[in-house]
Amino acid sequence: MAIDAYQPGKSQVAGVAKVHKLSSNESPLGPSPRAVEAFLRSGGELSLYPDGSASSLREAIAHRFGLEKSRVICGNGSDELLALLAHVFLEPGDEGLYSEYGFLEYPISIRAAGGVPIAANEVDRTANVDAMLERVSPHTKIVYLANPNNPTGTYLPFSEIKRLQAGLPLDCLLVIDAAYAEYVGQNDYAAGIELVSNCENVVMTRTFSKIHGLASLRLGWAYAPEPVIDAINRIRGPFNVNGPALAAGVASLADSGHIERALDHNRRWLPWLREAARDLGIGVTPSVANFLLLDFDETGTTAAEADAFLSSRGYILRAMNAYGLPSCLRLTVGDEEANRGVVAALTEFMSDRNG
Ligand SMILES: Cc1ncc(COP(=O)(O)O)c(C=O)c1O
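Residues numbered from 1 in each chain as written. Predicted model: local features only at pLDDT ≥ 70, side-chain atom pairs only at ≥ 80, totals over all residues. Heavy atoms only, no water.

(A) How the structure looks around the nonpolar core. Judged by nonpolar contacts, the single largest core of 49 residues is most densely connected at L57, I61, M132, I161, L174, F208 and W221. Setting aside residues up to four positions removed in sequence, L174 forms contacts with V143, I161, L164, Q165, L168, N201, V202 and V203. Formed by 30 residues, the second largest nonpolar core is a distinct cluster that contains L90, Y101, V203 and C328. (Core = buried A, V, L, I, M, F, W, Y, C linked by side-chain atoms within 4.5 Å. Buried < 20%, exposed > 50% of the residue type's maximum accessible area, 1.4 Å probe, protein only. Contact = heavy atoms within 4.5 Å.)

(B) Structural view of unusual backbone geometry. With an omega of 0°, the peptide bond running from N147 to P148 counts as cis. Among the structural elements, P148 can be located in the loop between β5 (140–146) and α6 (158–166). N150 connects to P151 through a cis peptide bond whose omega is 20°. Positioned with a positive phi, D124 is a non-glycine residue whose angle comes to about 55°. Summarising the element assignment, D124 is placed in the loop between β4 (116–120) and α5 (129–134). (Helix = DSSP H or I, 4+ residues; strand = E, 2+ residues; numbered from the N terminus.)

(C) Main features of the pattern of salt bridges. Per the stated rule, a full pass over the model turns up 18 salt bridges. Between K141 and D171 there is a salt bridge, with the nearest N and O atoms lying 3.8 Å from each other. Separated by 30 residues along the polypeptide, K141 in strand β5 and D171 in the loop between α6 and β6 (173–177) bring together distant segments of the chain. Taking relative accessible area as the criterion, D171 reaches 46% and is therefore assigned partly exposed. A salt bridge links E160 to R163, with the shortest nitrogen-to-oxygen separation between them at 2.9 Å. Residue E160 and its partner R163 are located together in helix α6, separated by 3 residues, close to a single helical turn. We classify E160 as partly exposed; its relative accessible area is 22%. Bridged by salt links that share partners, the residues D130, E160 and R163 form one connected network. (Salt bridge = Lys/Arg side-chain N within 4 Å of Asp/Glu carboxyl O.)

(D) Broad picture of the sheet that holds strand β7 (residues 202–207). A sheet is described by the order of its strands in space; here 7 strands give the open sequence β2-β8-β7-β6-β5-β3-β4, paired in mixed fashion. Where the open sheet ends on each side, the last strands, each with one partner, are β2 (72–75) and β4. This sheet shows a mean twist of 25° between the axes of neighbouring strands, independent of strand direction. Alignment of β2 against strand β8 (residues 220–223), held across 4 bridges, turns out to be antiparallel. Each residue of the ladder has a partner; that of C74, found in β8, is W221. Seen against the sheet, helix α3 (residues 78–89) touches β2, β5, β6, β7 and β8 and runs at an angle of roughly 165° to β5. (Pairing = 2+ DSSP bridges. Axes fitted to C-alpha atoms, helices over the stretch in contact; angles between N-to-C directions.)

(E) Local environment of the packing of aromatic side chains. A complete count under the given rule lists 9 aromatic pairs for this structure. Residues F65 and W221 carry aromatic rings whose centres are separated by 5.2 Å and whose planes lie at 40° to one another, so their mutual orientation is tilted. Of the two residues, F65 sits in helix α2 (residues 55–65) while W221 sits in strand β8, which places them 156 residues apart along the sequence. Judged by centre distance (5.6 Å) and plane angle (85°), the rings of F103 and Y106 are edge-to-face. The same class applies to F103 and to Y106, which are both buried. (Phe/Tyr/Trp six-rings, centres within 6.5 Å; stacked < 30°, edge-to-face > 60°.)

(F) Fine view of helix α9 (residues 243–254). Helix length check: α9 (12 residues) gives 17 Å between terminal C-alpha atoms against 16 Å at 1.5 Å per residue, within 8%. Taken together, the buried residues of α9 touch α1 (33–41), α2 and α10 (256–279). Here α9 starts with a cap whose side-chain oxygen sits 2.9 Å from the backbone nitrogen of A245, and that cap is N242. (Expected span 1.5 Å × (residues − 1). Polar contact = N/O pair within 3.5 Å; in protein donor to acceptor, adjacent residues only side chain to side chain.)

No statement about biological role is implied by the geometric values presented.
Here it is, written out as structure tokens:
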């Protein structure tokens, strides 16, 4: 009962017919048409259990990223894998570490496994390796780091991730959650594959929910040392990933053109939205993902008022109270109509306030 249930982004507003859901970092381009086709085709096989080892998808992932198939595991969303890792690594009373504004599933997973969540302070809404290492104790058995992080959108260069790993004891697992890796263009960024390959205590998780546009199917994967894969396989549901998700995942990986288009869209609209928000005097973190954290702290108004106004116009953003960021709203990059519309609505809201 100490756990506050995760609150997903809203998708409806009472009395508003047309809404733009910009609250869950979903892809405005949707899935690859090839993934949809594979999903529909799998409709003919719904009476059969899926391949519990997710062999075809693990093969496709290994091929696409140059990985060892035996070290790839698939999950019912990366959420499932994040939770299973806590169950594998935490005994009651052990500590799980994450950064101050880290993804909320981490403290939930840690608590659900009987562990004690410990949050390390951030600097400029960015995870801080020194602060994290300072909070490591003999009881710390798992460290979660989203890179880039949700909801801040900020990231750590690979050199810092390596420094974090180097400072952890070998019996403490580092989980690099790279759900937004595909969006990052910075040269000093790496999702973590190299570190998993070279270290016994590092896992990288990925998802099909963001740039692949398959959030509804619940599909994620992890690259991990074989003993970790073995431990997860012992406790996961035997058919944790459903057949339509497996089929769509394989097809989506084969459509690199679709991923490129989604990336181009984000490269165009993320800076556009960021500049528009800045021009309105709203604080913005330097996000490298597919969303922005807007801060209304110094605007003379509040995030709650902005949220109410934008909702009434059909733009659903994500309130950040659960993250301890009550002055902020998180805005997902939408399609062109949504992006232009939400900026127009924000402009109207801010000019009403200012004048
Ligand atoms: C940082 C981060 N990790 C993991 C997830 C969960 O992704 P999935 O849909 O694969 O469970 C999300 C979803 O918002 C996320 O933001």
